[in-house]
Amino acid sequence: MVAYDTVSQAVDDLRQRGYTLDFNLKGSCLECGEQNFNPKDFEITEFHRFEGNSDPGDEAVVYAIESRNGLKGVLVNAFGVYSEPLSDDMIKKLSFQKN
């Protein structure tokens, strides 16, 4: 797996590799355009974690997401203090462990 120095490098490279859509967190699901995806409806194919050296606001995770219906995109999410409130199923899906 490639190691990136910045979030933007990771996102740019993933986009070049076909992860062209933007996914957004919505508590208990992911949203992409007009579609919602429950945790069982998508897979995380890779992720890249970035830790801020001096500012906790710089901590983020970039996820490469592929939905069961073939959509491929990117989710960028803060972690720690600044992370979004999520359902238990979504927390489990986005954890840093292999599902």
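Quick caveat, the model's predicted, so the values are computed rather than measured. (Residues numbered from 1 in each chain as written. Predicted model: local features only at pLDDT ≥ 70, side-chain atom pairs only at ≥ 80, totals over all residues. Heavy atoms only, no water.)

Quick notes on the sheet that holds strand β5 (residues 42–50)
The following threshold applies: Strands pair, by our definition, only if DSSP identifies at least two bridges between them. By the criteria applied, helices consist of DSSP H or I runs no shorter than four residues and strands consist of E runs no shorter than two, each listed in order from the N terminus.
Read from one edge of the open sheet, four strands run β1-β7-β6-β5, paired in mixed fashion. Single-partner strands in this sheet number two, and they are β1 (21–22) and β5. As paired strands, β5 and strand β6 (residues 60–67) are joined by eight bridges and run antiparallel to one another. Residue pairing across strands places H48 opposite V62, the latter belonging to β6.

Description of the sheet that holds strand β3 (residues 30–32)
If you walk across this open sheet you meet the three strands as β2-β3-β4, and the pairing is antiparallel. Both edges of this open sheet fall to β2 (24–25) and β4 (35–37), since each of them pairs with a single strand only. Bridging between β3 and β4 involves three bridges; their strand directions are antiparallel. Its bridge partner being in β4, E31 is matched across the sheet by N36.

Some points on helix α1 (residues 7–16)
What counts here: Working definition: with a 1.4 Å probe on protein chains only, accessible area under 20% of the residue-type maximum means buried, over 50% means exposed, and in between means partly exposed. Arc definition: directions from the helix axis to the C-beta atoms. In what follows, a contact means two residues having at least one pair of non-hydrogen atoms within 4.5 Å.
Every buried residue of α1 is listed here: A10, V11 and L14. Down the axis of α1, the smallest arc covering the buried residues is 95°, so these residues share one side. Packed against the buried residues of α1 are β5, β6 and β7 (72–78). Looking at the residues trailing α1, positive phi occurs at G18, about 105°.

Describing the pattern of salt bridges
Between side chains of opposite charge, a pair can form when the charged atoms approach closely. How we decide: Take a side-chain nitrogen of Lys or Arg and a carboxyl oxygen of Asp or Glu: if they are within 4 Å of each other, that pair is a salt bridge.
The full count for this structure, using the stated rule, is eight salt bridges. The partner of D41 in a salt bridge is K40, with the nearest N and O atoms 3.4 Å apart. Here K40 falls in the exposed class, since its relative accessible area comes to 57%. Here the salt bridges do not stand alone but share partners, grouping D13, R17 and E46 into one network.

Some thoughts on the nonpolar core
Just so we agree on the cut-off: What makes a nonpolar core is a set of buried Ala, Val, Leu, Ile, Met, Phe, Trp, Tyr and Cys residues whose side-chain atoms join them at distances within 4.5 Å.
F23, L25, L30, C32, F37, F42, V61, Y63, I65, L75, M90 and L94 form the largest nonpolar core, which has 12 residues in total. Breaking this core down by element, the ones donating at least two residues are β3 and β6. Ranked by residues supplied to this core, first place goes to β6 with three residues.

What to know about the environment of Y19
Applied cut-off: Pairing of N or O atoms within 3.5 Å defines a polar contact, subject to two protein rules: one partner must be a possible hydrogen donor and the other a possible acceptor, and residues neighboring in sequence count only if both atoms are side-chain atoms.
Looking at the element boundaries, Y19 is found in the loop between α1 and β1. For Y19, a relative accessible area of 7% translates into the label buried. Through-space distance from the C-alpha of Y19 to that of L75 is 9.8 Å; in sequence the pair is 56 residues apart. At 2.8 Å, the side chain of Y19 and the side chain of T45 are in polar contact.

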